[in-house]
Amino acid sequence: MSAENTTRVYISRDSSALSMGAEKVASALKQGLNGQNVTIIRNGSRALYWLEPMIEVETPAGRVAYGPVKAKDVAGLIEQGLLEGNQDHPLCLGLTEEIPYLKKQQRLTFARAGIIDPVSLDDYRATEGYKGLEKALQMSAQAIVDEVKESGLRGRGGAAFPTGIKWQTVLGAEAEQKYIVCNADEGDSGTFADRLQMEADPFGLIEGMTIAGLAVGATQGYIYLREEYPHAHEILDEAIAIAEKNGYLGDNILQSGKAFHLEVRLGAKAYICGEETALLESLEGKRGMVRPKPPIPALVGLFGQPTVVNNVISLSSVSIILAKGADYYKDFGMGRSRGTMPFQLAGNLKYAGLVETAFGVTLKELLYDFGGGSLTGRPLRAVQAGGPLGTYLPESQWDVAMDYEEMAALGAVLGHGGVVAFDDTVDMSEQARFSMDFCVVESCGKCTPCRIGSTRGVEVIDKIRANQDRDNNIELLEQLCETMVDGSLCAMGGMTPFPVQSALKHFSEDFAK
């Protein structure tokens, strides 16, 4: 049988899939299919995590999926026609692309996730990879920046600052050396989009960073990677080496005479290093502490030089914008929120996973149409959006459109797109305490409102929960929150009160028990 007729079988190498036994399943597949004309491909994940480990088999009709598969299931699957895509097996999910959770999405940034071998340059190029870079090499730096500005792309790390404006500032700065820094220190609870992107489509990030370098005149880039992501580290290093070997990185990119170099640097296991200035301090080998602004990193950043700091999803979106044009990208979304957003569904939900869709989907649609309601079967009561510094939203607010301005109008944040759900057994006074305690642990300690305020916050909440002078302590907690919001140096202390204030406002009964 020719190589063209080899059956391809896909099993994920994604961290979450591995945590659920994907390596054992892959070993069982290799043993069970030994001697047959089969190629086993270790792809990224489709991020339908309740179905992992998931096996996909390529058939004339498309890929057929099976899951969740355990190692003990493999022999039976093979005997019952796995390679023919037998859809009568109890674990068969049908054609992968027809799974409703996936079919309803609008995947742009994650279009390759789970489809390609993440470290195959051939796979990447076969799915329109490096089309954006090839186009960018024919454009002036200003033209690239203009395209990104026109697309409406905003920072996907949480701050939502317009990416093109940041790039324009760095382009206009005078300096012998400029830098591109990718913030891959993904630390928000319930978020995993950055990790998924790096493990499923590393060349997408590499291409985006290379284009950013061309746009602002930077020849050196760094990926500041969360230390707890060893699989992403391995995949990124391998992909960077492949890109260098094939002329997509280095001193002479695709014989253009233009240079861009890229390295991975591991983070310091500190949540505060997700704040861009603390990240730069850490990248320079110092303790991760927040810098006062101004000056902004775009003018005085890494080693005192003009620096673009964007997160993984922002930079990975750039190649799409350059390849397909700003008009194509901004056709998705609503208002000032253009393009798509990867919403990460976690917590007490039946179907946890990643949902990439245009801005404008409602929180309720994410919770029920995708998430399937609570895993416990109990009523959902509260949702925290935007990470551990985001507000808690009661059911009365779940019709909100997931858009930066619509969320802000509620006093909420969209952040990095994390959505963590709680059922009606949750104690919101306990969640408020957790928010303050999180700040105690993760504060860099540079400013007093954050360092001392969070410690006092835990103490006051403990007194409220113990029914010690409850009314006065609730008033004191509210005043403390206002002080932290107004007086903290960065978002760590300035946003820690948000979940506490929302818990007091919407779930006051939990503070009166």
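Predicted model only: the values in this text are computed from it and were never measured.

Caption draft 1: Quick look at the sheet that holds strand S6 (residues 179–184). With parallel pairing, the four strands of this open sheet are ordered in space as S8-S7-S6-S9. Each having just a single partner strand, strand S8 (261–266) and strand S9 (307–311) make up the two edges of the open sheet. Sheet twist, expressed as the average angle between the axes of neighbouring strands with direction ignored, equals 20 degrees. With five bridges connecting them, S6 and S9 associate as parallel partners. Residue pairing in the sheet places Asn-183 in a bridge with Asn-311 of S9. With respect to the sheet, helix H10 (residues 202–216) is in contact with S6, strand S7 (220–225), S8 and S9, its orientation differing from that of S6 by roughly 145 degrees.

Caption draft 2: Spatial organisation of the pairing of S6. When you tally the buried positions in S6, you get six out of six residues, the bulk of the element. On S6, burial covers both faces: Tyr-179, Val-181 and Asn-183 on one face and Ile-180, Cys-182 and Ala-184 on the other are all buried.

Caption draft 3: Focus on a nonpolar patch on the surface. Together, Ile-296, Leu-299 and Val-300 give the surface a local cluster of nonpolar side chains, amounting to about 220 Å² of exposed area. Residue position: Leu-299 is located in the loop between helix H12 (276–283) and S9. Judged by its relative accessible area of 43%, Leu-299 is partly exposed.

Caption draft 4: How the structure looks around the domain arrangement of the chain. When its domains are assigned, the chain resolves into domain 1 (7–103), domain 2 (121–330), domain 3 (333–423) and domain 4 (428–511). Put simply, the middle of domain 1 and the middle of domain 2, counted by C-alpha atoms, are 33 Å apart. Facing the nine residues of domain 1 at the interface are eight residues of domain 2. With both chains or domains summed, domain 1 and domain 2 bury close to 700 Å², and 51% of this area falls on carbon and sulfur atoms.

Caption draft 5: Focus on the sheet that holds strand S12 (residues 340–347). The mixed open sheet is built from five strands, whose spatial order is S13-S12-S16-S14-S15. Here the strands that pair on one side only, and so sit at the sheet edges, are strand S13 (353–358) and strand S15 (392–394). Along the sheet, successive strands turn relative to each other by an average axial angle of 30 degrees, direction set aside. Pairing analysis gives five bridges linking strand S14 (residues 380–385) to strand S16 (residues 418–423), with the strands arranged antiparallel. Paired with Ala-385 across the strands is Val-419, a residue of S16. Where helix H21 (residues 497–506) meets the sheet, its contacts fall on S14 and S15, and the angle it forms with S15 comes to roughly 25 degrees.

Caption draft 6: Spotlight on the packing of helix H8 (residues 163–172) against H10. With their axes 8 Å apart at the nearest point, H8 and H10 run at an angle of 50 degrees to one another. It follows that H8 is oblique to H10 by the angle criterion. Within the contact between the two elements, H8 uses Trp-167, Val-170 and Leu-171 and H10 uses Ala-212, Ala-215 and Val-216. Looking at the contact of H8 with H10 residue by residue, the classes come out as six nonpolar, no polar and no charged.

Caption draft 7: Representation of unusual backbone geometry. Cis rather than trans, the peptide bond between Gly-67 and Pro-68 has omega equal to -10 degrees. Its location among the elements puts Pro-68 in the loop between strand S4 (62–66) and helix H3 (74–79). The residue after Pro-294, namely Pro-295, is reached through a cis peptide bond having omega 5 degrees. Within the secondary structure layout, Pro-295 lies in the loop between H12 and S9. Even without a glycine there, the phi angle at Ala-160 is positive, about 65 degrees.

Rules and cut-offs
- Residues numbered from 1 in each chain as written.
- Predicted model: local features only at pLDDT ≥ 70, side-chain atom pairs only at ≥ 80, totals over all residues.
- Heavy atoms only, no water.
- Pairing = 2+ DSSP bridges.
- Helix = DSSP H or I, 4+ residues; strand = E, 2+ residues; numbered from the N terminus.
- Axes fitted to C-alpha atoms, helices over the stretch in contact; angles between N-to-C directions.
- Contact = heavy atoms within 4.5 Å.
- Buried < 20%, exposed > 50% of the residue type's maximum accessible area, 1.4 Å probe, protein only.
- Patch = residues over 30% accessible without salt bridge, like charges linked within 9 Å, V, L, I, M, F, W, Y side chains within 5 Å.
- Areas by Shrake-Rupley, 256 points an atom, 1.4 Å probe, with all protein chains shown as cover.
- Salt bridge = Lys/Arg side-chain N within 4 Å of Asp/Glu carboxyl O.
- Domains from an automatic or database assignment.
- Buried area = accessible area lost by both parts, 1.4 Å probe.
- Parallel < 35°, antiparallel > 145°, perpendicular 65-115°, else oblique.
- Nonpolar A, V, L, I, M, F, W, Y, C, P; charged D, E, K, R; others polar.

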